[in-house]
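Architecture at a glance
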Amino acid sequence: MCETSYTERFWEALSDGRFLIHTCNDCEERFFPPAPVCPSCHSWSVDWIESNGTGELYSFTRQHATADGFPDEIVAGVVELDEGPRLLTAIDEAYADLVLGDRVRVEPREYPHNYDRGCRSEYPFFAATTIDGDE
Amino acid sequence: MTVTRTASVAGIGLLPNGTYSIPERELAIDVIHEALEDAAVSMADVDGLYMPSPRPWTKQKFFSTNLLHLLGLEVDRTIEVSTGGTSGGKAFQTAVSDVRSGAVDTALVFAVERNSVIETTGPYFDYILSTFDANFESPIGMSIPGVYAQSMQRYCHEYDVKREDLAEIVVKNRDNAAADPDTLFDKPVDREAVLGSRPIADPIRLYECPAPCDGGAALVVTSDDGDGSDTSSETEGTVEVAGLGSHHAASHLLMTRDESITELPAVRKAAREASRDGGRARDEIDVYEPYAPFPHIEAIITEELGLVDRGAGLEACLDGRTAADGEFPISPSGGCLGRGHPPMVTPLYNYVEAVRQLRGTASTQVLDANYVLTTSEHGHVNGATATVFAKGE
């Protein structure tokens with residue numbers, strides 16, 4: 001039985017299809033992963049806000065060597081959300097179809113890999129897919 | 001920190017990179033023996049023991065405690081550091097600080113590591129995954145080459161660098177290491193072989209990754225101030241540890257905030273501090289031995305050291321300026337790309353190479369080497385150390 005951790009709210013929201021990040025009430029920094037202190041001004045006055053999960057593809061790779069329990073190839077990269085924060089994410093697209101700067105959306109995904117997520121095993125994880133430039 | 005004494009490397013020991021079938025503690029005893037003999041220091045003189053924590057798959061835990069019992073050593077300071085690739089750097093810098101302050105007189109620094117005993121897709125990969133954010137990143141399944149592949153991609157994108165040209169840094173480093181029997185490879189490679197090796201994490205190819213292997217190194221650090229507390233062996237091979245620097249950015253692997261992942265502020269700031277501490281300006285350094293696990297990282301470190309403008313690090317290699325006989329030689333030992341790479345040992349290999357350059361005994365010797373700057377790093381160069389070595393008077 002896991003005790004409730006600070007990030008529980010993120011995973012609960014993700015289960016409902018919402019992607020939460022953090023904002024600082026003092027300096028307005030938007031940041032991810034969520035934590036109770038602002039990494040920019042160190043204020044402890046921070047709040048959860050909803051991101052629509054959209055952003056730009058900052059970098060990406062196709063990995064040919066992977067751990068036991070993962071697919072033989074993994075496509076993953078860094079997404080810069082429209083609100084500012086960057087995050088590392090799996091990408092549900094063919095590597096050859098991706099270009100730096102692509103518009104993407106980070107969304108909940110079933111997590112099929114055999115990698116220990118401990119008390120998060122019942123929750124979805126997230127992945128990015130490309131979207132139209134207008135979105 | 002008040003510096004009261006000058007610290008020097010009195011002796012070095014090194015196990016050639018390769019594969020070893022004996023336990024790590026026996027490797028440790030061998031390499032420590034070699035360093036003590038080189039320093040002409042007796043075991044009984046050692047009063048400090050400094051090492052990186054053994055890798056998680058090393059059977060012997062409580063390694064330093066076990067070793068002190070085996071060696072019959074009583075010491076005033078011991079430390080096992082666990083910060084990935086900077087562990088050896090921090091162990092060494094702690095030893096130097098303790099010798100400078102007078103906390104110890106004869107510090108023994110060593111690292112041993114076996115990677116041949118672990119499956120790279122099994123427990124090794126589990127360890128790597130656990131170095132990412134356990135909540136939000138580990139489940140993605142990213143490898144270390146997968147991380148560096150993205151900064152290589154950004155580097156080529158941001159500075160219009162021709163990706164294929166990065167292979168030339170590997171060619172240079174493999175060439176530098178080829179004649180050294182202590183390194184993993186005895187043959188150079190050409191550009192076509194690098195670019196034709198199998199893809200690991202696009203755009204990084206196998207020969208652009210540092211090859212994991214087994215190895216070990218040890219150094220004896222003493223004081224040689226001639227103030228009555230002189231504990232050095234007064235051998236011709238004494239090399240001064242002139243400057244220490246260290247820095248950690250507020251970043252974790254690829255997770256930076258505003259700056260590009262093609263900038264490495266930790267190594268820039270660590271090198272500045274080491275230069276200041278050593279009283280040596282950039283143009284007074286003769287040789288650089290960075291911890292640069294992928295070719296674009298050597299190019300970026302060339303920039304962060306202030307040797308060339310941002311984006312011009314690769315061009316410096318292509319123009320021969322970073323060759324052993326170039327304007328500012330970088331990785332004449334071959335670095336971890338040319339030598340092979342036990343990450344706990346690599347920082348100490350850089351120190352051993354610095355000592356060899358200053359003694360004039362390096363395999364790929366830089367002429368008239370008087371000052372050498374080395375670095376170590378961990379993560380995606382999130383944390384770094386820098387150390388300046390000077391030829392003894």
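Analysis parameters
Residues numbered from 1 in each chain as written. Chains lettered and ligands numbered in written order. Predicted model: local features only at pLDDT ≥ 70, side-chain atom pairs only at ≥ 80, totals over all residues. Heavy atoms only, no water. Helix = DSSP H or I, 4+ residues; strand = E, 2+ residues; numbered from the N terminus. Rg over C-alpha atoms; globule rule 2.2 N^0.38 Å. Buried < 20%, exposed > 50% of the residue type's maximum accessible area, 1.4 Å probe, protein only. Contact = heavy atoms within 4.5 Å. Areas by Shrake-Rupley, 256 points an atom, 1.4 Å probe, with all protein chains shown as cover. Lys, Arg positive; Asp, Glu negative; His and termini not counted. Charge placed at Lys NZ, Arg CZ, Asp CG, Glu CD. UniProt positions renumbered as here; feature names shortened; annotations may be inferred. Core = buried A, V, L, I, M, F, W, Y, C linked by side-chain atoms within 4.5 Å. Axes fitted to C-alpha atoms, helices over the stretch in contact; angles between N-to-C directions. Parallel < 35°, antiparallel > 145°, perpendicular 65-115°, else oblique. Nonpolar A, V, L, I, M, F, W, Y, C, P; charged D, E, K, R; others polar.

- In the annotation of an unreviewed UniProt entry, the entry for chain B reads Acetyl-CoA acetyltransferase, and the organism field reads Halalkalicoccus paucihalophilus.

- In the nomenclature of an unreviewed UniProt entry, chain A corresponds to DUF35 domain-containing protein from the organism Halalkalicoccus paucihalophilus.

**A short note on the overall build of chain A**
- Helix and strand content of chain A: one helix and eight strands.
- Traced from its N-terminal end to its C-terminal end, chain A shows the element sequence α-β-β-β-β-β-β-β-β.
- In terms of C-alpha radius of gyration, chain A reaches 16 Å, essentially the compact-globule figure of 14 Å for 135 residues.
- Expressed as lengths along the three principal axes of its C-alpha atoms, the size of chain A is roughly 45 × 40 × 25 Å.

**Some thoughts on the overall build of chain B**
- Scanning chain B from terminus to terminus reveals twelve helices and eleven strands.
- In summary, chain B has a C-alpha radius of gyration of 20 Å against a globular reference of 21 Å for 393 residues, a match within 12%.
- Projected onto the principal axes, the alpha-carbon positions of chain B cover approximately 60 × 45 × 40 Å.
- Within chain B, the fraction of its 393 residues that count as buried is 62%.
- If you take every contact in chain B between residues at least 6 apart in sequence, the share linking residues at least 24 apart comes to 77%.
- Of the roughly 14200 Å² of accessible surface on chain B, 46% is carried by carbon and sulfur atoms.
- Here chain B holds 31 positive side-chain charges and 60 negative ones, and the gap between their average locations is 5 Å.

**Concerning the UniProt feature "domain: Thiolase C-terminal" (unreviewed entry) in chain B**
- According to UniProt, the positions carrying the feature "domain: Thiolase C-terminal" (unreviewed entry) are residues 249-390 of chain B.
- Counting secondary structure, residues 249-390 of chain B comes out at 35% helix and 13% strand; the distance between its end C-alpha atoms is 28 Å.

**Brief notes about the nonpolar core**
- Residues A:Phe10, A:Trp11, A:Phe19, A:Leu88 and A:Phe126 are the most contacted members of the largest nonpolar core, which totals 47 residues.
- If you tally residues by element for this core, the top one is strand β5 (residues 74-81) of chain A, at six residues.
- If you look at the next biggest cluster of nonpolar residues, it comprises 43 residues, including B:Ile200, B:Tyr288, B:Leu305 and B:Ala390.

**Section: the environment of B:Glu315**
- Counting through the fold element by element, B:Glu315 comes out in helix α10 (residues 313-318).
- When the C-alpha atoms of B:Glu315 and B:Asp190 are compared, they prove to be 18 Å apart, with 125 residues separating the residues in sequence.

**Some thoughts on the packing of helix α3 (residues 87-101) of chain B against helix α12 (residues 346-359) of chain B**
Residue and element names in this part refer to chain B.
- Orientation of α3 relative to α12, taken along the N-to-C sense of each, is 55°, at an axis distance of 6 Å. One way to sum up the angle between α3 and α12 is to call them oblique. Here Gly 88, Gly 89 and Phe 92 of α3 lie close against α12, whose contacting residues are Pro 347, Leu 348 and Tyr 351.
- The residue makeup of the contact of α3 with α12, split by class, is four nonpolar, two polar and no charged.

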